[in-house]
Amino acid sequence: MMELQREKRFHNLTPEQIQALDKVLTEVIPIHGRGNFPTLHVRVKDIIRVVKDRLVERDIHVKDIRLNGATASHVLVRDNGIGYRDLDIIFGVELPRQEDLQVIKEVVLCSLRDLLPCGVNRRKITCLTMKEAYVQKMVKVFNEHDRWSLISLSNSRAKTMGLRFVSSLRRQFEFSVDSFQIILDRMLESYWETERKQGATFTVEAECMYGDFGQALDHLRHRLIATHNPEEIRGGGLLKYSDLLVRNFRPASETEIKSLERYMCSRFFIDFPDVGEQQRKIEAYLQCHFIGNEEASKYDYLMTLRRVIDESTVCLMGHERRQTLNMITVLALRVLGEQNAIPNTANVTCFYQPAPYMAEPIYSSYYITQAQPPLVYHPYPLHVHMQSGLV
């Protein structure tokens, strides 16, 4: 039984997939420095090696190293509709003490310092300085169920490299299409061997955290959306779900998706109850996931997100729901302004409240409708009444 379950979760990469993985690991990624700090140009496999060697030196046991998420999906199915903007590298480590998280932070920052160009006086540069110069985001979690940390390295407009150190993590995926993890150890060893035999072959294995590798791969190939228990995901997976819809993915099961949407919305509003938090989370998602040519899809994304919230939210009071919908409306209009774009207004009706002087007798020949509501400012600068759709 256990062997059958393992067979469903694991898959050996084909030669073509190994070639795609090699391209990812040998690609040069820029890590942009703030201020006068230079941009570091590093290959993925090189930074992995430096970090792993330093972890071993500091007595942090590394169980395995994995490529996670969208990049792993890209290796398995090249044109999958998701693309990959983030490189998510997972170091499987043992973290018995909370102090080990500080050790990991120091290891990464010292590793970055080792990668500075020749001619830079590294002795005068502290770990704190490296953090301010090259780290975009740091997260650490240490509790009964989850023990992990994330250090995301700065990259202004291209692929962001995230180094994740995981001892335990209850939920490691959002949807089936991004639930793949490729185990890199054999591939990395092939790079690091000093006397590699010509023509030597090796096996690279991938694991599907969704549970059924074949089914998840089928979802990826046919652009289908499926998940388990979205209420377990921080934010409910709502932002990623709307992203997949914009990228022409469709639900694997139309009968289940409405129930899943309600769970997604409920968890999102539990984790981000304040409208200001919601806005910051949405803006951060836009900044990280809609880069370059994809910026043109920001408006469609926001309108898709608004529709899902409007149709599937059951946990908010009426005024709270309107606040969130208004906030997303304003973000969408701001995006249009930034892009100097004109939306499709075929299904939009605009109502204007006449100025007070229009009631004077001199304007009595003008017809003024009394039935339509005024433009309301509550609590965001815009509230638009529409027949269907939204500008």
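In what follows, the structure referred to is the one given above.
The structure reproduced in this document is the subject of the present report.

The rules we used
- Residues numbered from 1 in each chain as written.
- Predicted model: local features only at pLDDT ≥ 70, side-chain atom pairs only at ≥ 80, totals over all residues.
- Heavy atoms only, no water.
- Phe/Tyr/Trp six-rings, centres within 6.5 Å; stacked < 30°, edge-to-face > 60°.
- Buried < 20%, exposed > 50% of the residue type's maximum accessible area, 1.4 Å probe, protein only.
- Helix = DSSP H or I, 4+ residues; strand = E, 2+ residues; numbered from the N terminus.
- Lys NZ or Arg CZ within 6 Å of the ring centre and 35° of its normal.
- Core = buried A, V, L, I, M, F, W, Y, C linked by side-chain atoms within 4.5 Å.
- Contact = heavy atoms within 4.5 Å.
- Pairing = 2+ DSSP bridges.
- Axes fitted to C-alpha atoms, helices over the stretch in contact; angles between N-to-C directions.
- Arc of directions from axis to C-beta.
- Polar contact = N/O pair within 3.5 Å; in protein donor to acceptor, adjacent residues only side chain to side chain.

### What to know about the packing of aromatic side chains
Here's step 1: Taken as a whole and judged by the stated rule, the model has nine aromatic pairs.
Here's step 2: Seen in terms of ring centroids, F268 and F269 are 5.4 Å apart; in terms of plane orientation they differ by 80°. Their pairing is edge-to-face. Of the two residues examined, F268 and F269, each falls in the buried class.
Here's step 3: A ring pair is formed by F290 and Y301, whose centres lie 5.1 Å apart and whose planes are at 50°; its orientation type is tilted. One end of the pair, F290, is in the loop between α11 (275–289) and α12 (298–312); the other, Y301, is in helix α12, and eleven residues separate them in sequence.
Here's step 4: Using a relative accessible area of 2% as the deciding quantity, one classes F290 as buried.
Here's step 5: Under the relative-accessibility criterion, Y301 is labelled buried at 0%.
Here's step 6: An aromatic cluster of at least three residues, connected via ring pairs, comprises F268, F269 and F272.
Here's step 7: The ring of Y191 has K45 sitting right over it, with the charged end atom 5.1 Å from the ring centre.
Here's step 8: One Lys or Arg, R247, reaches over the ring of F290 and ends 5.4 Å from the middle of that ring.

### Observations concerning the nonpolar core
Here's step 1: If you look at the biggest cluster of nonpolar residues, it comprises 103 residues, and the most contacted ones within it are L21, I48, L67, F91 and I182.
Here's step 2: Sequence-distant contacts of I182, that is, excluding residues within four places in its chain, are made with L13, L21, I65, R66, L67, A72, V75, V204, E205 and A206.

### Looking at the sheet that holds strand β10 (residues 205–208)
The strands making up a sheet are joined through hydrogen bonds of the backbone, oriented either antiparallel or parallel.
Here's step 1: With mixed pairing, eight strands are arranged side by side in an open sheet as β1-β10-β9-β4-β5-β8-β7-β6. Edge positions in the sheet fall to β1 (10–12) and β6 (135–142), since each has one partner strand and no second. Looking at each pair of strands side by side, their axes are set apart by 20° on average, direction ignored.
Here's step 2: As paired elements, strand β9 (residues 180–183) and β10 share three bridges and run antiparallel to each other. Each residue of the ladder has a partner; that of I182, found in β10, is A206.
Here's step 3: Sheet contacts for helix α5 (residues 99–114): β5 (86–93), β6, β7 (147–153) and β8 (160–168); angle to β7, the most-contacted strand, approximately 20°.
Here's step 4: The strands touched by helix α6 (residues 127–134) are β6 and β7; relative to β6, the strand with the most contacts, the crossing angle is about 115°.

### Some points on the environment of D243
Here's step 1: By secondary structure assignment, the location of D243 is in helix α9 (residues 238–246).
Here's step 2: According to the relative accessible area criterion, D243 is buried, its value standing at 1%.
Here's step 3: The spacing of D243 and F290 is 47 residues in sequence and 9.6 Å in space, taken between C-alpha atoms.
Here's step 4: Look past the residues within four positions of D243 in its chain and what remains in contact with it is R85, Y285, H289, F290 and Y301.

### Some details on the pairing of β6
Here's step 1: Alignment of β6 against β7, held across seven bridges, turns out to be antiparallel. Note that in β7 the partner of V139 across the bridge is L150.

### Quick look at helix α8 (residues 213–222)
Here's step 1: Buried within α8 are the following residues: F213, A216, L217, H219 and L220. The buried residues of α8 occupy one face: seen down the axis, they fall within an arc of 155°.
Here's step 2: Capping the start of α8, D212 holds a side-chain oxygen 3.2 Å from the backbone nitrogen of G214, two or three residues further along.
Here's step 3: In the segment just after α8, R223 is the residue with positive phi, at about 55°.

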